[in-house]
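Listed below are the residues making up each chain.
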Amino acid sequence: MSIDPAAQLRHELRTPLNHIIGYTELLLEELEDGGKPDLTAEFAALRADARQLLALLNEVLARGQAGPPDLAAARGTLGPPLERIRSAGEALRRRASESGAGALIPDLDRICTATERLDALLGPGGGPVQESAQQAASAKPGTAQPAQHRAAILVVDDNEDNRDMLARRLRRQGYEVLTAAGGRAALDSLVERPLDLVLLDVMMPDLDGYAVLKQLKADPVLHDIPVLMISALDEIDSVVRCIQLGAEDYLTKPFDPVLLQARIGACLEKKRLHDQEARYRRELAQLNQTLERRVAEQVAQLERLGRLKRFFSPHLAELIVAGGAADPLQTHRREVTVVFVDLRGFTAFAETAEPEEVMGVLREYHGEMGRLILDNEGTLERFTGDGMMIFFNDPVEIPNPAERAVRMAIAMRDLVGGLAGRWRKRGWELALGVGITQGYATIGAIGFEGRMDYGAIGTVTNLAARLCSEAAGGQILVSARVAGAVESLIEAEDVGPLTLKGLARPVPVWSVRGLR
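Residues numbered from 1 in each chain as written. Predicted model: local features only at pLDDT ≥ 70, side-chain atom pairs only at ≥ 80, totals over all residues. Heavy atoms only, no water.

**Some words on the packing of aromatic side chains**
One pass over the full model with this rule turns up two aromatic pairs. These aromatic residues form a ring-pair network of at least three members: Phe346, Phe349 and Trp428. Above the plane of the ring of Tyr210 lies Arg241, whose end atom (NZ or CZ) is 5.4 Å from the centre. (Phe/Tyr/Trp six-rings, centres within 6.5 Å; stacked < 30°, edge-to-face > 60°. Lys NZ or Arg CZ within 6 Å of the ring centre and 35° of its normal.)

**Focus on unusual backbone geometry**
The omega angle of the peptide bond from Asp394 to Pro395 is 10°, so this bond is cis rather than trans. Looking at the secondary structure, you find Pro395 in the loop between β8 (387-392) and α14 (401-425). For Asn393, which is not glycine, the phi torsion reads 90° and is therefore positive. Structurally, Asn393 can be placed in the loop between β8 and α14. (Helix = DSSP H or I, 4+ residues; strand = E, 2+ residues; numbered from the N terminus.)

**Points about the side chain of Asp157**
Within the element layout of this structure, Asp157 appears in the loop between β1 (152-156) and α6 (160-172). Side chain to side chain, Asp157 and Asn162 meet in a polar contact 3.3 Å long. Dropping the residues within four chain positions of it, Asp157 is found in contact with Asn162, Arg163, Ala180, Ala181, Asp201, Met204 and Lys253. (Polar contact = N/O pair within 3.5 Å; in protein donor to acceptor, adjacent residues only side chain to side chain. Contact = heavy atoms within 4.5 Å.)

**Topic: the sheet that holds strand β5 (residues 249-252)**
The five strands lie next to each other as β2-β1-β3-β4-β5, forming an open sheet whose pairing is parallel. Sheet topology places β2 (176-180) and β5 at the edges, where each strand pairs with a single neighbour. Taken over all neighbouring pairs, the strand axes of this sheet differ in orientation by 20° on average, direction set aside. Summarising the sheet, strand β3 (residues 197-200) and strand β4 (residues 227-231) pair through three bridges and their orientation is parallel. Residue pairing for β4: Leu199 is matched across the bridge by Leu228. Most of the contacts of helix α8 (residues 209-218) go to β4, to which it runs at about 180°, and overall it touches β3 and β4. (Pairing = 2+ DSSP bridges. Axes fitted to C-alpha atoms, helices over the stretch in contact; angles between N-to-C directions.)

**Considerations on the packing of helix α13 (residues 355-375) against α14**
Axes are the key here: two packed helices are described by the angle between their axes and the distance separating the axes. The N-to-C vectors of α13 and α14 enclose an angle of 155°; their axes lie 10 Å apart at closest approach. Judged by the inter-axis angle, α13 sits roughly antiparallel to α14. When you trace α13 past α14, the crossing you get is right-handed. Contacts from Val361, Glu364, Tyr365, Glu368, Met369, Arg371, Leu372 and Ile373 in α13 reach Met408, Ala411, Met412, Leu415, Val416, Leu419, Arg422 and Trp423 in α14. Here the contact of α13 with α14 is composed, by residue class, of 12 nonpolar, no polar and four charged. (Parallel < 35°, antiparallel > 145°, perpendicular 65-115°, else oblique. Left-handed = near helix turned anticlockwise from the far one by under 90°. Nonpolar A, V, L, I, M, F, W, Y, C, P; charged D, E, K, R; others polar.)

Keep in mind that these numbers describe shape and distance, not what the molecule does.
Right, here's the structure in full:
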């Protein structure tokens, strides 16, 4: 967007008045508690003259909106207050030097310089003076020590006095202030560190405020930083253009300090609420991700727990899932005690009974057997109809596995004896046969993808199945190794060596009558 010469001249005329009024107000604020009432009164008079000159200048500029203002004709109106400002500035500088108030002199020098600049603009041949792009670009952005819990504001203006005046006022209000002497330096500062607000001038030689604003709002990282335009350019087109590009507000120089503070507060509050909302969204997204992950983990654990409960007691299954026991489905080798049980007479019963009756008997039988397996912390390897294979000492090692196996087998025989009495009344002759062995087996998952079972490979399982097949109704046959392990616990008789199918040599076998 091009700026016509008349608008640029209006900008140039207001800039030195902005400096005069701004620095005078800064000095008045510093003198409030300084105990120099005479200086305070003189500064107040200087400010009044400057504000009167600004009002007169605005009237002149308003008459010249259609073209360049007639400054020569306005010199008679603007000259007297301008001369009072010049005299007051020079007098105050001498008074400050004589009274030992040397801290005021740098700002008084700025006021005097701005007065001379305005006088030159209002004089014959006065007009806008262009600062070279190279000179503006060479100015380095100001720095400030970072402080916690303070809003960080970037002041962007190619005029050094404008930057200095704004920065001092903002630091006095407790903000952390950085400065940039041009548009490119401003963008560099914004990339280097996060900021809360940008005060941006419009007319700058290297990259004007429109271009800076456009680039800032197009950047997804910088887009949400609020921008407050502060410019001596008062054209309505400029105001509209800045608002359309995304600026929060537009203040013309010279600005009212109270209004500036209010606009800054509103911008920072909006930024704070936006940052808070963004933080809440990030936290919510993180919570959702965590929740989704935890739900997936819990679903996987529940699925694994349900699968493990097919073989192990609920307590043992939960212990495995919680990591308190090794994964039993990983192939491993361990010494185990194996119990094989099934019902004598079941084949004949199944041939003559109705299917519903067979299912009723199996449901009752499995329910009672399952309770005893869990009570004794056994591991159900499988069941096939009336047959069951139970391990002890895997997947968790336990003391005295043979003793637990024998105690469970005796309890099962007694329990089935009670059930058989009821079954007999219905014409069903059923009794329990049990085989128990002890030895090493290779244990782990057996099957295929989608259908894996827990199983054991080894002679110890085959021997238990063969002993169970040899056992009569109500009989518990155990191998020599088991009999030796529980010798002091049981009453048993030596059956003698039995020749069993699949085994090359006869096997010594004992029949358990009961506990001692």
